[in-house]
Amino acid sequence: MKLATYRAHGEERIGLVMQDLVVALAPELNGLTLPPGNWSRDMLAFIQAQESGLEAAGRVQQAFERGLVKDAAVSELASVELLAPLLRPVRNIFCVGRNYREHVEEGDRVWKGAAGVSEACIFFTKATTAVNHPGKPITGYGLTRELDYECELGVVIGRGGRDIAREDALKHVFAYTIVNDVTARDLQQSHRQWFKGKSLDGFCPMGPWLVTADEFSHPLALEMRLTVNGELRQRMNTRDMIWDIPAIIESLSRGLTLLPGDIIATGTGAGCGFAFDPPRFLRPGDVVRAEIEHIGILENPVV
Ligand code: MG
């Protein structure tokens, strides 16, 4: 199931993406009797509704396939404004650093370090106000000369929990999406930590929608690529993560409760702008396109 947050006729909605259409989950539009609640307006509420949300979405899907959904609920995908699937995350977006060997190597080469692969999974966060939408601009606000990109698989937690064992971890995943972990490298360096340089407003483009976990088989082997103005910069596969998704969830949840709707960006591969010689940072006018197999395309202009 592909679940999108979008704006149509001036209203924010969530809906099911089916080919080139999106079907609103709003009961008042599709004419179906569905459980009441704001789960139909807000993806976080939908995820918090757990099984009842997914059941309702399943019923909308079946009704649509039988031609029983009212026209008012159906929009051409091309005619709606897609928004970040989770507009207001429950808290900061969790991120994994240095999770692909070639990206670890390019970092050590450029920053003259020999940190190598760390003993434990590296976590940091991005502020919720960094969330950005498909197609919307990324800007450095004149604060950075080193604006960079990182294509990453985003994991959305469905069922929360603490001390989640590796073998149970995938039961806690609700869906997958694409995250661009936009980074101001100079701020990252000058502030000597990762938060500020990765948390400016708009530094977390996300989308174009969520694809529910039942559509994926494990271990995940999804091709990911990122282009700038059509030129290939990053190409990696999720099978090359140093810490795979069960390991990330096990490590993060140790003594720390994960919540429904938490988002985890799982790290990027080689080919970041800083690693080219000379570096190739983003410039106004560029178009960044992040793509993950079975999910879709997340494209943003730079201004
Ligand atoms: Mg990253």
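Rules of the game
- Residues numbered from 1 in each chain as written.
- Predicted model: local features only at pLDDT ≥ 70, side-chain atom pairs only at ≥ 80, totals over all residues.
- Heavy atoms only, no water.
- Donors = N, O, S within 2.8 Å, 3.2 Å for Na, K, Ca; no water.
- Buried < 20%, exposed > 50% of the residue type's maximum accessible area, 1.4 Å probe, protein only.
- Domains from an automatic or database assignment.
- Contact = heavy atoms within 4.5 Å.
- Buried area = accessible area lost by both parts, 1.4 Å probe.
- Salt bridge = Lys/Arg side-chain N within 4 Å of Asp/Glu carboxyl O.
- Helix = DSSP H or I, 4+ residues; strand = E, 2+ residues; numbered from the N terminus.
- Polar contact = N/O pair within 3.5 Å; in protein donor to acceptor, adjacent residues only side chain to side chain.
- Core = buried A, V, L, I, M, F, W, Y, C linked by side-chain atoms within 4.5 Å.

**Here we look at the coordination of the magnesium ion**
Item 1. Note on the magnesium ion: its protein donors are Glu150 (OE), Glu152 (OE) and Asp181 (OD). The metal-donor distances range over 2.0 to 2.1 Å.
Item 2. Sequence spacing of the donor residues for the magnesium ion, all on one chain, is E-x1-E-x28-D. For the pair formed by Glu150 and Glu152, the shared burial category is buried.

**Examining the domain arrangement of the chain**
Item 1. Taken domain by domain, the chain holds domain 1 (2-83) and domain 2 (93-301).
Item 2. Each of domain 1 and domain 2 has a C-alpha centre, and these two points are 28 Å apart.
Item 3. Every contact between the two is made by 15 residues of domain 1 and, on the other side, 16 residues of domain 2.
Item 4. Surface buried jointly by domain 1 and domain 2 totals about 1300 Å² across both partners, of which 71% is contributed by carbon and sulfur atoms.

**Let's talk about the pattern of salt bridges**
Item 1. Using the criterion set out here, one finds 23 salt bridges in the structure.
Item 2. Measuring nitrogen to oxygen at the nearest pair gives 2.7 Å for the salt bridge that ties Arg166 to Asp244. With Arg166 in the loop between β10 (151-157) and β11 (173-180) and Asp244 in the loop between β15 (231-237) and α6 (245-252), this residue pair connects regions lying 78 residues apart in the sequence.
Item 3. On the accessibility criterion, Arg166 (38% relative accessible area) is partly exposed.
Item 4. Ionic pairing is found between Arg225 and Glu291, a salt bridge with its closest N-O pair at 3.4 Å. Taken together, the residues span a long stretch of sequence, with Arg225 in strand β14 (residues 223-228) and Glu291 in strand β17 (residues 287-292) at a distance of 66 residues.
Item 5. By relative accessible area, which is 23% here, Glu291 ends up partly exposed.
Item 6. Here the salt bridges do not stand alone but share partners, grouping Arg7, Glu12, Asp42, Glu81, Arg88 and Lys136 into one network.

**What about the environment of Asn180?**
Item 1. Its place among the elements puts Asn180 in strand β11.
Item 2. Linking Asn180 and Asn132, residues 48 residues apart in sequence, is a C-alpha distance of 9.4 Å.
Item 3. Of note is the side chain of Asn180, whose polar atom sits 3.0 Å from the backbone nitrogen of Glu150.

**Focus: the nonpolar core**
Item 1. By size, the foremost hydrophobic cluster in this structure holds 95 residues, and its most contacted members are Leu25, Phe46, Leu153, Tyr176, Ile245, Ile249 and Ile264.
Item 2. Summarising the domain contributions, this core has at least three residues from each of domain 1 (2-83) and domain 2 (93-301).
Item 3. With residues near it in sequence (within four places) discarded, Ile264 still touches Phe94, Val96, Leu153, Gly154, Val155, Ile157, Ile248, Ile249 and Leu252.

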